[in-house]
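Here are the chains, one letter per residue:
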Amino acid sequence: MSQQRKRKHITLTLVEKLEILNKLENGDKLLNLANEFGVGRTTIYDIRKNSEKIKSFFKNNKSLKSMRKTLKTGEFPEIEDALYLWFLQERNRQTPISGEILKEKAKYFYKKITHKNDFQASDGWLDKFKNRFGLRLLCMTGEKLSCDVNSVEPYKEKFQKVIQELSLTPDQVYIADESGFLLHLLPKKTFVHHEELNAPGRKIIKDRITFMPCSNASGTHKLNLLVVGKAKNPRAFKNVSLPVDYKNQNKAWMTKSIFVEWFHETFVPSVEKFNKKQNLSKNALLIVENCPDHPIDDLNHSFIRVMFLPPNVTSILQSMDQNVIQAVKMHYKKSLLYKVLSKDDCVIKSLKEINLKDVVFSLANAWSNVSKKMIVCSWKNLWPNMCLFEQYENNTVLNLKDNEDNFSTELNQLQVSIAEKLVGTTDELKADDIRKWIDGEEEEKNQFLTNDDIIEEVMAKERDNDGNYDDKEEEVAVQTISHSTAINSFTTSITWAEENGVDACDILVLQRLQEKVLKASLQTKK
C-alpha cells in the first residue's frame, strides 16, 4: 500500500481568512473550503471560531491588501498604531512618505511614549510594519492636488452613455459622499461627549464622526445617513431607535468593510424597494469617488451599477460637494445653537450635556431639512441637461442665493444671541470662537490630530478594543416620563402649534404621537 502523501503546510493570509468567513456565511461547507484553500478542516474551524477578531481587524483598518497572516501585533503595538494613524492623516493631505520618514517618525513616537531612546527602527522592522499594515511604495506623478479639468468632459460623456444604455431617470441615479465632522464647538475647551466627563488630568481628544449622505438626483429618495462613530455600543443609544445607519470604527473612519456592508445591506434593498414602489425598472446607478474605501470588486450587483468619479474632480462633479454636505453641517450647527439658547444653564454646561444620541438625531434632522431643489441643483455640473431643471426655471430655484442669505442671517442672529448670553459670565468661550465655528474655520484647522493627540488616542485606557466605554464611567441619566405627563405635554404642544400657525402636517405628527401614548397608557392599565 502506497504511503499517503503529506499535505504541504499553507499559512493563509487574513484576506483569505476573511474570504473563507464570507463563504461560510453564504452556506459553503467546511470540507469544500478546506479542499479549495488546501488546508485542513480544523484550520477552517479555527478561522470560524475567531471570526469576530478577524472581522474587527478589517473594520478598524483601512487596507485590505495586507499580506498579514496573523493577528499578532509587533513588539511595540502602541508605537505602530500611532505611526499608522499619523501615516493615514498625512496621506489624506497628499504628503509624500518615504521609508526613512517612517523610521524617523517611529523613533519620535517611541521616545515620546516610552521616554527611552534605544529604538533603532531598522530595515527589518520597517518591512514587517509595512506588511502588517499593507503599505506599498508608489511613485507620485503629476500635480495630485490640482483639479483635473481635462477629465471632466470625458467623464460626463461616459455618464450620459450609461444613462441612455440603462434608460435611467433622475429617480434611478444616486450619488454618495462621506465627510468628516468634528463634534466639538471648541475642541480645546468644550463640547465633549457625556461619556468623557470622567477623564480628569487627560487632554480631551478631538472627537469626530464620519457621515455619508446618499440621494437620487431628483431628491425623492434620500437614504438615512450612514454615520460612523468610535463606540460600538454607546450607552446613549440604549433602548433608542436611531434615525441613521450607525456603524463603528475605532477612529470613526470609513473603511472598505463598512462601505461594502452598507452597499449590500442598506443601499441595494432600499433602492429595490423604492423602484418597485414607483413602478420603475430594476436598474439604478450609484456614483461615488474613486478611493480605497470604495472597492470596485466588492460592489457588483445584477441591476445596480457603480460608477467612480475620476481623481481630482470632486470640486466640480461630486454633487454632494455642491453645497449639500455643507448644508447638512450648517443645519446641524443651527440646531445646536438653538438647544444651547433654550436652556438657562451656562453655555459650556449646556454643551457638555449633549451626547452622541443628540448628535445623530440632530444630523438626521439636518439631512431631512436639505430640500429637493437643493439636491436637484447640485447636479447641474455633472448632468446639465437633466429634465428636472426645466420645471424650476420659472421659479428661479436654480439660484439659491436668497435662501443662503436667509440662512446666514439666521445663523448670525443666533451667534449674537449666544454672545449676549456670554456677557458677564466666567465662560472661556468667546463670541469670536462661535463665529469661527459657524464659518468652519475651527473645523478646518482641527480636522487632523496633532502628534500629542495621536499619542493620547493610542494610549487611552478607558476604551477597550471594541470601542466600548469601560464600566467606571457614569451611566447616561435616563429620565422616566409617565404616560399622563406625556399626554399633557402633547396636548400643550398641539395647542401652541394651532395658536401660532404651525403647518398642519407638523400638527398631525404631534397628534399621531399623542395617540401612541394614549394606546400605551391603556395597555398599561389593562
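Above this note sits the structure.
Here the structure is a predicted model, which is why all the values come from computation and not from measurement.

Digging into the overall build of the protein chain
A count of helices and strands for the protein chain gives 21 helices and eight strands. Buried residues in the protein chain amount to 46% of all 526 residues. A separation of at least 24 residues holds for 71% of the contacts in the protein chain among residues at least 6 apart in sequence. As displayed, the protein chain has an accessible area near 29,500 Å², and 49% of this comes from carbon and sulfur atoms.

Looking at the packing of helix 1 (residues 14-25) against helix 3 (residues 41-49)
For the pair helix 1 and helix 3, interaxial distance at closest approach is 10 Å and the crossing angle is 85°. On the basis of their axis angle, the class for helix 1 and helix 3 is roughly perpendicular. Here helix 1 contributes K17, I20, L21 and L24 to the contact with helix 3, which in turn contributes I44, I47 and R48. When the residues that make up the contact of helix 1 with helix 3 are grouped by side-chain class, the tally is five nonpolar, no polar and two charged.

With respect to the pairing of strand 6 (residues 245-248)
A two-sided burial pattern is seen for strand 6, the buried positions comprising D245 and K247 on one face and Y246 and N248 on the other. Two elements, strand 5 (residues 226-229) and strand 6, share four bridges in a ladder whose sense is parallel. Its bridge partner lying in strand 6, L226 is registered against D245.

Overview of unusual backbone geometry
The residue A121 is not glycine, and still its phi comes out positive at about 50°. In this structure, A121 sits in the loop between helix 6 (99-114) and helix 7 (123-133). One non-glycine residue, N279, lies in positive phi territory at about 55°. Mapped onto the fold, N279 is located in the loop between helix 9 (256-277) and strand 7 (284-289).

Notes on the side chain of N275
Note that N275 resides in helix 9. A relative accessible area of 2% places N275 in the buried class. Beyond its immediate sequence surroundings of up to four residues, N275 is in contact with Q172, L280, S281, K282, N283 and A284.

A look at the packing of aromatic side chains
For the coordinates displayed, the defined rule picks out 13 aromatic pairs. Centre to centre, the rings of F76 and F119 are 5.2 Å apart; their planes meet at 75°, and the pair counts as edge-to-face. Of the two residues, F76 sits in the loop between helix 4 (51-59) and helix 5 (77-92) while F119 sits in the loop between helix 6 and helix 7, which places them 43 residues apart along the sequence. On the numbers, 5.5 Å between centres and 70° between planes, the contact of Y108 with F109 is edge-to-face. What makes Y108 partly exposed here is its relative accessible area of 30%. Since its relative accessible area comes to 0%, F109 is described here as buried. Three or more aromatic residues link up through ring pairs in this structure, and these residues are F76, Y110, F119, W125 and F129.

Observations regarding the sheet that holds strand 6
One open sheet accounts for four strands, arranged 2-3-5-6; its pairing is mixed. At either end of the open sheet lies a strand with only one pairing partner, and these are strand 2 (179-182) and strand 6. Ignoring which end each strand starts from, the neighbouring axes of this sheet average 30° apart. Here helix 9 sits on the sheet in contact with strand 3 (208-212), strand 5 and strand 6, set at roughly 150° to strand 6. Sheet strands in contact with helix 13 (residues 356-368) are strand 2, strand 3, strand 5 and strand 6, and its direction is about 25° off that of strand 3.

Thoughts on helix 13
Its 13 residues give helix 13 an end-to-end C-alpha distance of 18 Å, which sits within 8% of 18 Å, the value for a rise of 1.5 Å per residue. Looking at helix 13, one finds that the buried residues are L356, V359, V360, S362, L363, A364, A366 and W367. The opening residue of helix 13, the one whose side-chain oxygen lies 3.1 Å from the backbone nitrogen of K357, is N355.

Notes on the environment of K232
Structurally, K232 can be placed in the loop between strand 5 and strand 6. When the C-alpha atoms of K232 and Q249 are compared, they prove to be 7.6 Å apart, with 17 residues separating the residues in sequence.

Topic: the environment of S378
With respect to the helices and strands, the residue S378 is situated in the loop between helix 14 (372-377) and helix 15 (388-393). Placed 55 residues apart in sequence, S378 and N323 show a C-alpha to C-alpha distance of 7.2 Å. Not counting chain neighbours up to four residues away, the residues in contact with S378 comprise S319, Q322 and V324. A distance of 2.5 Å separates a polar atom in the side chain of S378 from the backbone oxygen of I375.

What about the environment of I79?
With respect to the helices and strands, I79 occurs in helix 5. Considering only alpha carbons, one finds I79 and T114, 35 residues apart in sequence, at a separation of 9.2 Å. Residues within four places of I79 in sequence aside, it is in contact with A106, F109, Y110, I113 and T114.

Focus: the pattern of salt bridges
Here the structure, examined in full by the defined rule, presents 11 salt bridges. Across the salt bridge formed by E515 and K519, the nearest N and O atoms sit 3.7 Å from each other. You can see E515 and its partner K519 sitting in helix 21 (residues 504-525), four residues apart, about one turn around the helix. Of the residues examined, K519 reaches a relative accessible area of 52% and is grouped as exposed. Among the charged side chains, a network of salt bridges with common partners joins E19, K23 and E36.

Quick word on the nonpolar core
One finds F159, V173, L285, I287 and W379 to be the most contacted residues of the largest nonpolar core, which totals 59 residues. If one sorts the elements of this core by residue count, helix 11 (residues 324-342) sits on top with nine residues. Apart from residues no more than four positions distant in its own chain, W379 is found in contact with F159, V173, Y174, I175, N216, A217, I287, S319, P384, M386 and F389. A106, I113, L449 and I455 belong to the second-largest nonpolar core, a separate cluster that totals 26 residues.

Calculation notes
Residues numbered from 1 in each chain as written. Predicted model: local features only at pLDDT ≥ 70, side-chain atom pairs only at ≥ 80, totals over all residues. Heavy atoms only, no water. Helix = DSSP H or I, 4+ residues; strand = E, 2+ residues; numbered from the N terminus. Buried < 20%, exposed > 50% of the residue type's maximum accessible area, 1.4 Å probe, protein only. Contact = heavy atoms within 4.5 Å. Areas by Shrake-Rupley, 256 points an atom, 1.4 Å probe, with all protein chains shown as cover. Axes fitted to C-alpha atoms, helices over the stretch in contact; angles between N-to-C directions. Parallel < 35°, antiparallel > 145°, perpendicular 65-115°, else oblique. Nonpolar A, V, L, I, M, F, W, Y, C, P; charged D, E, K, R; others polar. Pairing = 2+ DSSP bridges. Phe/Tyr/Trp six-rings, centres within 6.5 Å; stacked < 30°, edge-to-face > 60°. Expected span 1.5 Å × (residues − 1). Polar contact = N/O pair within 3.5 Å; in protein donor to acceptor, adjacent residues only side chain to side chain. Salt bridge = Lys/Arg side-chain N within 4 Å of Asp/Glu carboxyl O. Core = buried A, V, L, I, M, F, W, Y, C linked by side-chain atoms within 4.5 Å.

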